[in-house]
Amino acid sequence: MIKYLELQFLGISFLVLGLANNILIQSSASVKFTDITQTSGVQFKHKNGKSYKKYFTETLGSGVALFDYDNDNDLDIYFINGCSLDNSKTVRAYNHLYRNNGNLTFTDVTTESQTGNQGCGTGVCIGDYNNDSWLDIYITNFRSNVLYRNNKDGTFTDVTEIANVDSQEWSTGCSFSDVDGDGDLDLYVANYVNFSIEKHTPCRVNGVLAYCSPRVYDGLKDVFFRNNGDGTFTQNTQGSGFGYTAGRGLGVIFTDYDNDNDTDLYVANDANQDFLYQNDGRGVFRETGQISGVGFSEHGLVENGMGVDFGDYDNDGLFDIVVTNFQHQTNTIYHNEGNSFFNDVSYDSGTGSVTMPYLAWGTNFFDFNNDSWLDLFIANGHLDNNIQLFDTSTTYAQINHLFKNNGDGTFTDLAKELGLNAIYSSRGSAVGDIDNDGDLDLVISNLDQPPNVMRNDIISNINNWLNIKLIGNTCNYSAIGSHVILTATNMRQIREVRSGSSYLSHNDLRLHFGLGNHSVVDLEVRWTNGQIEEFRQVKSNQFIKIIEGKGHLQHLEIQ
């Protein structure tokens, strides 16, 4: 963003103030998000099992995943559904899988794919855990989780028991990554609180029945499963440095925040310190949240961590963090200072005061206008649909935020201007190019409501882009944990392939770069096994595939 323009006329310098926001809005006017849910064929409606008893399970909502389950080079959508704890309700809600038809419509293939789990769902993450080139699904639930193995024929098989990856707790966020560099994907699962119908506690605010604070229930320890390489896992939580401290885990994400070629882990905890686990290079972790400056708010307070994402929003080569929090708390942006230290820049970034009145969940760093700077989406919505009976300062349904990156370390909220002006009680969010037109779209899961499938319409296509699919060979087939560094004149960007992020959700595994006016770029691929490959003079505005060790890239013809 241009903070000021200095105009010289007849030897006199004039400081022109206030132009920045005008320039910003004009430059973004060519982008509009359109809600295509009703015309897309997506008829999913989330069920949270709401009851007059205000069970705590009714509050969290669920995540959503964007991934290519049938290997046809377009993104399919998997919606997680909730459930009712009231046994009198005979019809149980179930998850839904929608196949992308390639023309901005989707077909519900839940029944034929055998993916309609009814397990009181919360979260989802995707990865090819058995390295057979087909993506598998892990689902977190209240009480029992599910691993669906992709059968390569449009169907899935529940292999939870065989693979030994169940958790009989209330699980939430999850993420696959190869923590020990052995070429297969391990799995981290966050657990929330020790709740049951028997432990249900009626809570009231000013005499009004309301959902309880998470502090009413004891937090749980998370679990970690190490991949044995034969289709099974071994729970190795404490042996890997996890699970010594109970939290109330929600958002989970693996990333290499210290650029030492191994994957680290962040866990957003609700009413507990957030965890940052640093990998020692051998798959053993040490919790460093407080030392690194990301465990608490800038005032040293425990917050209510919900969703989390990493992204290099200032293009300095280091992954920064965004964590969403509760009402009257900022959605915290931690700037990566290097040397494993972070600085809370929530207010300096221009997002702090804007987000304070809202209760936030999903969050995504993504470049919605292809100008080479990562923008920021935040999904909002309250817990109680009767909130205004005891708190008139807020509402149940809330507008979401879409912050445009100004290129100078600050952001400006343009949600209404860009078409995100509807109000819901939103939860999970996932980003990916669902129509393969070179810009990133957005899918939002809403509590007890239909989702929003938001198509990105770049009306004036003045900026270039590049979309990259990485495929591992000796490293894991999904290439999760691998990096791509893209450079051009006066521009350097970094992206990482990740499984699971935002709030209980999963983004497209393909890496998308907005290039601005650059038409040719150089690429450096850093695979998880330490191998580095370089590709020069790569043309923009195309989908490409890079297979580890082949030494060349492949242009993908995508309709």
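Residues numbered from 1 in each chain as written. Predicted model: local features only at pLDDT ≥ 70, side-chain atom pairs only at ≥ 80, totals over all residues. Heavy atoms only, no water.

## Considering the domain arrangement of the chain
At step 1: Its domain assignment divides the chain into domain 1 (31-38 + 125-136 + 158-462) and domain 2 (465-555).
At step 2: Computed over C-alpha atoms only, the centres of domain 1 and domain 2 are separated by 22 Å.
At step 3: Across the contact, 57 residues belong to domain 1 and 36 residues belong to domain 2.
At step 4: For the pair domain 1 and domain 2, the number of links is 0 salt bridges.
At step 5: Where domain 1 touches domain 2, the interface holds 22 residue pairs in polar contact (both at pLDDT 80 or more). (Domains from an automatic or database assignment. Contact = heavy atoms within 4.5 Å. Salt bridge = Lys/Arg side-chain N within 4 Å of Asp/Glu carboxyl O. Polar contact = N/O pair within 3.5 Å; in protein donor to acceptor, adjacent residues only side chain to side chain.)

## Some details on the sheet that holds strand S36 (residues 483-488)
At step 1: Overall, antiparallel pairing links the 4 strands, which are arranged S37-S36-S39-S40 in an open sheet. Whereas interior strands pair on both sides, the edge strands pair on one side only; in this sheet they are strand S37 (491-496) and strand S40 (532-539). The sheet shows a mean angle of 20 degrees between the axes of neighbouring strands, taken without regard to direction.
At step 2: Pairing of S36 with S37 involves 6 bridges; the strand directions are antiparallel. When the bridges of S37 are listed, alanine 488 appears paired with methionine 491. (Pairing = 2+ DSSP bridges. Helix = DSSP H or I, 4+ residues; strand = E, 2+ residues; numbered from the N terminus. Axes fitted to C-alpha atoms, helices over the stretch in contact; angles between N-to-C directions.)

## Some remarks on the pairing of strand S6 (residues 96-100)
Consecutive side chains along a regular strand alternate between the two faces of the sheet.
At step 1: A large share of S6 lies buried, amounting to 4 of its 5 residues.
At step 2: In this sheet, S6 lies alongside strand S5 (residues 76-79) in antiparallel orientation, the contact comprising 3 bridges. Along S6, the bridge assignment pairs isoleucine 77 with tyrosine 98.
At step 3: With 3 bridges connecting them, S6 and strand S7 (residues 106-108) associate as antiparallel partners. When the bridges of S7 are listed, asparagine 100 appears paired with phenylalanine 106.
At step 4: Here S6 folds back onto S7, and the loop between the two strands holds 5 residues, one of which, glycine 102, carries a positive phi near 85 degrees. (Buried < 20%, exposed > 50% of the residue type's maximum accessible area, 1.4 Å probe, protein only.)

## Concerning the packing of aromatic side chains
At step 1: In the structure shown here, the tally under the stated rule is 29 aromatic pairs.
At step 2: Relative to phenylalanine 310, the ring of tyrosine 266 lies with its centre 6.2 Å away and its plane at 75 degrees, an arrangement referred to as edge-to-face. Of this pair, tyrosine 266 sits in strand S19 (residues 264-269) while phenylalanine 310 sits in strand S22 (residues 308-311), and the two are 44 residues apart along the sequence.
At step 3: Among the residues examined, tyrosine 266 registers a relative accessible area of 0% and is labelled buried.
At step 4: The structure contains a cluster of three or more aromatic residues connected by ring pairs, namely Tyr188, Phe224, Phe242, Phe254, Phe275, Tyr277 and Phe285.
At step 5: Here arginine 498 stacks its cationic end above the ring of phenylalanine 319, 4.8 Å away from the centre of that ring. (Phe/Tyr/Trp six-rings, centres within 6.5 Å; stacked < 30°, edge-to-face > 60°. Lys NZ or Arg CZ within 6 Å of the ring centre and 35° of its normal.)

## Some points on the side chain of histidine 506
At step 1: If you trace the backbone, histidine 506 turns up in the loop between S37 and strand S38 (511-516).
At step 2: For histidine 506, the side chain forms a polar contact with the main-chain nitrogen of glycine 500, separated by 3.1 Å.
At step 3: Excluding residues that lie within four positions of it along the chain, histidine 506 makes contacts with Val64, Ala65, Leu66, Phe67, Val124, Cys125, Ile126, Ala430, Arg498, Ser499 and Gly500.

## With respect to the sheet that holds S6
At step 1: The sheet built from 4 strands is open, its strands ordered S4-S5-S6-S7 with antiparallel pairing. Both edges of this open sheet fall to strand S4 (64-67) and S7, since each of them pairs with a single strand only. The average angle at which neighbouring strand axes cross in this sheet is 20 degrees, direction not considered.

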